[in-house]
Amino acid sequence: MPDLDKMFKPDSVAVVGASNSEGKVGYIILDNIVNDGFKGKVYPINPKDDEVQGLKAYKNVSDLPEVPDLVIISIPSKFVNPVVKECGEFGVKNLVVITAGFKEVGGEGVKMEEEMVSYIEKYDMNLIGPNSLGTTDCHTPLNSSFSQVMPSKGNIAFISQSGAMMVAIIDWSLTAGIGFSKIISLGNKAGTTEIELIEYLADDDDTAVVICYLESITDDEDFVRTLRKVSYKKPVIILKSGSSSAGAAAASSHTGALAGSDLAFDTAFKQSGVFRVTTMDELFDVGLAFSKCPLPTGRNLAIITNAGGGGVVSVDAMERHGLDLVKFDDKTNARLKEAVPDEGSIKNPIDVLGDAPVIRYKESLEIVLDSDDVDGLVVMVCPTASADADGIAEALVEGSKEFDKPVIAVNMGGPTFNKANDLLRDNGIPTYVFPETAVKVFDYLARFAAVQEREYDSPVDDVNDVDKEAVEAIFDKVKSEERDTLLGSEAYAVAEAYGIEAAPIKLATSPEEAGILAEEMDFPVVLKIASDKILHKSDIGGVKVGISSKEEAEEVYKEIIANAKAAHPDIVPNGVEVQKMMDSGIEVLVGMIRDRQFGPMIAFGMGGVLVNLLEDVSFKLAKGLTSSEIAEQMDDTKVIELLKGFRGEAPGDINAVKEAIVRVARLTLDFPEISELDINPIFVYEKGSSALDIKIKID
């Protein structure tokens, strides 16, 4: 990870393109640095003027009396790279390039950015940009952006790939009670990436939570493991726009058809412990909660309200988010009965009535928070004529001090609550207008607390009893024949080499060989036409089941070949495959589709002919896959109920299915040329399992 300390906490800053002309970017940046409180040395770089905004100016970076910790460049694009090179030769380690006109415009801009990257790598410099609006550290303080205003100091770090989004948020934050530790405009990400910045911020004492607006995710060979290290320390919330590169529309397998266009990002974020949100409102709502609240120890939520409707809405939202509505014990009920009039309700949600005075709120709050069964509290205030918004806010602040539990305020109104909201946020209590938002952010707090309790093993890495050479030989043969799809017998051999339990299947190229193989397998057997070009084999009479003798196998071989030639006279089949018929079991699917950025995505779900209709499937990335995530993946499907033994039926061997998932993950990690893999169905028995149909496609 690069050392970024002096990028945000420099002792000296040089501004290349500093200007005396108001309105120019170089003027605004220098003005922001000087007038927003930076205490270090500031060096304007301007080849024409001897003085800029009252400061001595220098012609070039190399003319400076010292190597500056940070250089900000805002000059026409054609002059940028010579300055970047000069900075490297002079020993500068941190650059922010404001100038646009590089990769984002295409053509010559792409070449210019590539040249810039070559200098960054050669001289081991950190670079934010180009095409960046700059960076701000509210604690240093250093505003090296061309935002109009300096944001308020706080503990939220905001990384944005959109400069326009960044300045809009800064302006909005001044009235929304949001404070920042750092604000970073990524620009084109030619140098320092969002992943490196998130890693740095995880150890930043000024930052409690990292929130990001991203349009792309930088390629990282170990994205999941990298972000896990960060998300274990601090919450990371990402609003990711755009779609994934899974390419599901072109997929030919069941697994590919079930993979949504944005699935890879959802899966990667979830396995990393990163939280993905879908709107800017949600990004900052959740960020605000993490910036203010302690973490809960569970998912038990209590609600205090002076409006019954708000309580009902909250309970509905809790059900959607899987939160538990606390049932108070006798001791807590007795205490609440003393604090709440008979006309109200002491049953959670607690209704303290529309005329509730401040003392009723305070007493109820302290009683509820004192209960060991309560992990968090939402307090709602509707602006009735008798509600003292400011007094209730003071009561919340005072009453919650001795309890290390999240308290979230819902002040259902507008200007009436301005002063109260400021007081609450200044004292570590986030406030929202609507109860659904409060419930949602508590869910995020509880989920992050669970992330911190995760243990990461690596069952995929423990798979060593495999025959990679055998698989390599099979793939070499398929490639030499210019095929991209394995025959069933080849796919079985791959599964056998990786210890994936499957029904034996062998290729016969004559009726006599079919009879011999069938006899060796022990009857009954199935015969299937062997061809990667015939997709719907049963439709053309290319599959026959229940073969029970050697003689029958020989005759069926001839029949299947004849049917294939009649249906596809232009296709020469490879022969006929003979497969052992297996007893029926619970049908599941295990598959894989490869995402260009995140690698293999492993699917598990309901198998059989209805797989695409029911879409009962869950995905996980193979990289970094853990035992607990496999269990979670299985629990996310309905077929798990069958495996557990539904309505008195015999259960299936869940451990055998887990083993199949692990071995498929190992196989697809070992062989990047596998683009799709589909095992459907796998028959799961009370003891063991057997894969019936295995499809493998390679690039």
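A quick note: this is a predicted structure, and the numbers were derived from the prediction, not measured. (Residues numbered from 1 in each chain as written. Predicted model: local features only at pLDDT ≥ 70, side-chain atom pairs only at ≥ 80, totals over all residues. Heavy atoms only, no water.)

Draft legend 1. Representation of the overall build of the protein chain within the structure. Within the protein chain one finds 24 helices and 30 strands. Oriented by its inertia axes, the alpha-carbon framework of the protein chain measures out at about 100 × 80 × 40 Å. By residue count, 56% of the 699 residues in the protein chain fall in the buried class. Taking all contacts inside the protein chain whose residues are at least 6 apart in sequence as the whole, residues at least 24 apart take part in 71%. A total of about 29,400 Å² of accessible surface is found on the protein chain, and carbon and sulfur atoms cover 48% of it. (Helix = DSSP H or I, 4+ residues; strand = E, 2+ residues; numbered from the N terminus. Buried < 20%, exposed > 50% of the residue type's maximum accessible area, 1.4 Å probe, protein only. Contact = heavy atoms within 4.5 Å. Areas by Shrake-Rupley, 256 points an atom, 1.4 Å probe, with all protein chains shown as cover.)

Draft legend 2. Spatial organisation of empty space enclosed by the protein. A full pass over the atoms with the stated rule returns two cavities of 30 Å³ or more. Approximately 50 Å³ is the volume attributed to the largest cavity. Lining the largest cavity, in full, are D220, E221, D222, F223, V224, Q597, F598, L621 and K623. Empty space within the second largest cavity amounts to approximately 30 Å³. In terms of residue count, the dominant contributor to the lining of the second largest cavity is helix α6 (residues 194-202) (three residues). Its residues placed into classes, the lining of the second largest cavity shows seven nonpolar, no polar and one charged. (1 Å grid on protein atoms, 1.4 Å probe; cavity = no way out; pocket = protein on both sides within 12 Å on 5 of 7 lines; lining within 4 Å. Points joined across faces, edges and corners; volume = space filled by probe spheres on them. Nonpolar A, V, L, I, M, F, W, Y, C, P; charged D, E, K, R; others polar.)

Draft legend 3. Layout of the packing of helix α11 (residues 308-321) against helix α16 (residues 435-451). Running from amino to carboxyl end, α11 crosses α16 at an angle of 35°, the nearest separation of the two axes being 8 Å. Where α11 crosses over α16, the handedness of that crossing is right-handed. Contact residues: α11 offers G310, V313, S314, A317, M318, R320 and H321, while α16 offers P435, E436, V439, K440 and D443. (Axes fitted to C-alpha atoms, helices over the stretch in contact; angles between N-to-C directions. Left-handed = near helix turned anticlockwise from the far one by under 90°.)

Draft legend 4. Summary view of helix α13 (residues 358-369). Taking 1.5 Å per residue as the helical rise, α13 with its 12 residues ought to reach 16 Å, and the 17 Å between its terminal C-alpha atoms agrees with that figure. Within α13, burial applies to R360, Y361, S364, L365, I367, V368 and L369. On its buried side, α13 packs onto β15 (300-305), α12 (330-339), β17 (350-351), β18 (376-381), α14 (389-400) and β19 (407-411). (Expected span 1.5 Å × (residues − 1).)

Draft legend 5. Structural view of the pattern of salt bridges. Applying the stated criterion across every chain yields a total of 35 salt bridges. E282 is paired through a salt bridge with K440; the nearest N and O atoms lie 3.8 Å apart. Placement of E282 in helix α10 (residues 280-292) and of K440 in helix α16 is noted, with a sequence separation of 158 residues between them. We classify E282 as buried; its relative accessible area is 10%. (Salt bridge = Lys/Arg side-chain N within 4 Å of Asp/Glu carboxyl O.)

Draft legend 6. Quick look at the nonpolar core. Core analysis: the biggest nonpolar cluster contains 53 residues, and I33, I159 and F223 have the highest contact counts within it. If we ignore the near neighbours within four places in the chain, the residues touching I159 are I184, L186, E194, L197, I198, L201, V210, I211, C212 and Y213. (Core = buried A, V, L, I, M, F, W, Y, C linked by side-chain atoms within 4.5 Å.)

Draft legend 7. Structural context of unusual backbone geometry. Following N348, the chain continues into P349 via a peptide bond in cis, with omega recorded as 5°. On the secondary structure map, P349 appears in the loop between α12 and β17. In this model, N680 is joined to P681 through a cis peptide bond whose omega is 0°. Of note, P681 is situated in strand β28 (residues 674-684). The phi angle at D124 is positive, at roughly 55°, despite the residue not being glycine. Structurally, D124 is set in the loop between α4 (108-122) and β7 (126-128). Positioned with a positive phi, R647 is a non-glycine residue whose angle comes to about 50°. Its relative accessible area of 75% is what places R647 among the exposed residues.

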